[in-house]
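Coordinate inspection notes
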Amino acid sequence: MHRAWFVAAVTFVTITGAAAFRSLPGLLIDPLHQEFGWSRGTIGAAVSVNLALYGLTAPFAAALMDRFGIRRVVAAALTVIALGSGLTVWMTAAWQLLLCWGLLVGLGTGSMALAFAATVTNRWFTERRGLVTGILTAASASGQLVFLPLLSWIVERHDWRPAAVTVALAAFAVVPFVWLLLRDHPADVGVAPYGAREFVPKPAPVTGAARRTLGVLSTSARTGTFWLLAGTFAICGASTNGLVQTHFVPAEHDHGMPVTTAASLLAVIGVFDVVGTIASGWFTDRFEPRRLLAVYYALRGLSLLFLPMLLGPAVHPPMLFFIVFYGLDWVATVPPTLALCREQFGEDSAIVFGWVLASHQVGAAVVAYLGGVARDAFGSYDVVWYASGTLCAAAALMALVIRRTTPAARTLAVS
């Protein structure tokens, strides 16, 4: 077996094991509201900062990996995450939540974002990139959801502070695993990337990470394709991380469902997301990514429009159907989006995808905040579900507008 598959396996386990820090925000809303009296809008603002930094840090992290190597950047990010999560147990004011969970954990998670998976895929694979992207994306999305039942049980039985400590310990535990087993480039172990016909030497470290990251943004932002990808991915983040991951548990709790049961439903979404995202990677290697994106967004929007009618105190078959259906589509958009970034932007695709991911998280941050504000104002989340379903329909149309670009046309457009 080619060494690239072992690196992919290490990356998968690393992302999955570190995903506990993405599981907790939705479980903190009600406990923090009850203990400190903070409004859901205030708590949602901290989650919003976290989500925004998660995205805005990603393109710089991709450039830093080119400068310092994957292992160093990921190990440092996990340490920052553990520090931010651990410090929350001593907070007494809302600004401390913004500092610890918003700033520190946001910066750390941004460096462990999908740009990490994109960098590993671009360096180690020339074939099966869609499939590997799907597998690593499934690790990121599903890992954070699979941790939910454990963390929700801890929150219900032992308060939210032990759950925060559990997240910190999980992040620390992954650091030695990354340092000892992950490798930065195929040349480090004397092999060619998977599918390559010849050996590829390791490139020299790229200096000026911030300058390069902003330069790539300046160049790519001149194309309409970049803004279409960024717009569709912003809607993707708004309808997943910002809405369902943050507000599904409290929304079900509003309808009388126990927190642990609602969290378990999110975990089931994570299980089916593995199947959906890997299948999406397989489809991306074989079908037109624009059409895949349009189908994914249209189906997601349809499911969200029906969700308000399915919420209730108990789990029933229509809700289970939604969970399975939505889980298959959770982040199935990532492989075709990354494929379009590679097609349009070539060697800079990982950094461009980092900026596209930033738009994903900005969309998630906006809805994470507005969802809490809507709940405070209207007493329910119904208006947010309907608005997100409508936005997904718009994203489907935007995906179909993206034009196919050949390498020659791409070079002409950039110049």
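Rules behind the numbers
- Residues numbered from 1 in each chain as written.
- Predicted model: local features only at pLDDT ≥ 70, side-chain atom pairs only at ≥ 80, totals over all residues.
- Heavy atoms only, no water.
- UniProt positions renumbered as here; feature names shortened; annotations may be inferred.
- 1 Å grid on protein atoms, 1.4 Å probe; cavity = no way out; pocket = protein on both sides within 12 Å on 5 of 7 lines; lining within 4 Å.
- Points joined across faces, edges and corners; volume = space filled by probe spheres on them.
- Helix = DSSP H or I, 4+ residues; strand = E, 2+ residues; numbered from the N terminus.
- Nonpolar A, V, L, I, M, F, W, Y, C, P; charged D, E, K, R; others polar.
- Expected span 1.5 Å × (residues − 1).
- Buried < 20%, exposed > 50% of the residue type's maximum accessible area, 1.4 Å probe, protein only.
- Core = buried A, V, L, I, M, F, W, Y, C linked by side-chain atoms within 4.5 Å.
- Contact = heavy atoms within 4.5 Å.
- Polar contact = N/O pair within 3.5 Å; in protein donor to acceptor, adjacent residues only side chain to side chain.
- Salt bridge = Lys/Arg side-chain N within 4 Å of Asp/Glu carboxyl O.
- Phe/Tyr/Trp six-rings, centres within 6.5 Å; stacked < 30°, edge-to-face > 60°.
- Lys NZ or Arg CZ within 6 Å of the ring centre and 35° of its normal.
- Disulfide = S-S within 2.5 Å.

- In the annotation of an unreviewed UniProt entry, the entry for the chain reads MFS transporter, and the organism field reads Streptomyces canarius.
- What UniProt states about the chain under its Subcellular location (unreviewed entry) heading is, verbatim, "Cell membrane".

Notes on the layout of surface pockets
- In this structure, the largest pocket spans a volume of roughly 850 Å³.
- Sorting elements by how many residues they give to the lining of the largest pocket places helix α3 (residues 40-68) first, with five residues.
- Within this model, the second largest pocket holds a volume of roughly 220 Å³.
- Counting only elements with at least two residues in the lining of the second largest pocket, the list comes to α2 (25-36), α8 (148-158) and α12 (241-254).
- No other element matches the seven residues that α2 contributes to the lining of the second largest pocket.
- Residue classes in the lining of the second largest pocket are distributed as eight nonpolar, three polar and four charged.

Remarks on helix α4 (residues 70-87)
- Taking 1.5 Å as the rise per residue, α4 with 18 residues should run 26 Å; its terminal C-alpha atoms sit 26 Å apart, in good agreement.
- Among all positions in α4, only Ile70, Val73, Val74, Ala75, Ala77, Leu78, Ile81, Ala82, Gly84, Ser85 and Gly86 are buried.

Let's talk about the nonpolar core
- Ranked by internal contacts, the top residues of the largest apolar core, which has 81 residues, are Leu24, Val244, Phe248, Met319 and Trp385.
- Tallying contributions element by element places helix α17 (residues 349-378) first for this core, with ten residues.
- The residues touching leucine 24, leaving out its near neighbours within four places in the chain, are Trp101, Leu151, Ala163, Ala164 and Val167.
- Listed in part, the 29 residues of the second largest apolar core include Val74, Ala82, Val132 and Val174.

Describing the side chain of histidine 247
- Following the sequence through the fold, histidine 247 ends up in helix α12.
- A distance of 2.9 Å separates the side chain of histidine 247 from the backbone oxygen of alanine 368, its partner in a polar contact.
- Looking at histidine 247, its side chain comes within polar contact range of the side chain of tyrosine 381, at 3.3 Å.
- Among all residues touching histidine 247, those that are not within four sequence positions of it are Ile29, Gly242, Val367, Ala368, Gly371, Gly372 and Tyr381.

Quick look at the pattern of salt bridges
- Under the definition given, this model contains six salt bridges.
- A salt bridge links arginine 161 to aspartate 159; its shortest N-O distance comes to 3.1 Å.
- Overall, the relative accessible area of 31% leaves aspartate 159 in the partly exposed class.
- Two residues, aspartate 254 and arginine 375, come together in a salt bridge whose shortest N-O distance is 2.6 Å. Here arginine 375 lies in helix α17 and aspartate 254 lies in helix α12, a separation of 121 residues in the sequence.
- On the basis of relative accessibility, which here comes to 34%, the residue aspartate 254 falls in the partly exposed class.
- Given a relative accessible area of 16%, arginine 375 falls into the buried group.
- Among the ionic contacts, a cluster of salt bridges with common partners joins Glu35, Asp159 and Arg161.

Overview of the packing of aromatic side chains
- A complete count under the given rule lists twelve aromatic pairs for this structure.
- For the pair tryptophan 282 and phenylalanine 283, a centre-to-centre distance of 5.6 Å together with 70 degrees between the ring planes defines the contact as edge-to-face.
- Judged by relative accessible area, tryptophan 282 falls into the partly exposed class, the value being 40%.
- Take phenylalanine 283: its relative accessible area is 32%, and that puts it in the partly exposed class.
- In this arrangement the basic side chain of arginine 67 is found over the ring face of phenylalanine 68, its NZ or CZ atom lying 4.8 Å from the centre.
- If you follow arginine 71 out to its NZ or CZ, it ends over the ring of tryptophan 179, 4.8 Å from the centre.

Some thoughts on unusual backbone geometry
- Unusually for a residue other than glycine, aspartate 159 sits at a positive phi of about 85 degrees.
- Inspection of the secondary structure assignment puts aspartate 159 in the loop between α8 and α9 (160-181).

Points about the state of the cysteines
- As enumerated under the stated definition, the model contains zero disulfides in all.
- Among the cysteines around cysteine 341, which has no disulfide bond, cysteine 236 carries the closest sulfur, lying 13 Å off.
- You can call cysteine 341 buried: its relative accessible area is 0%.

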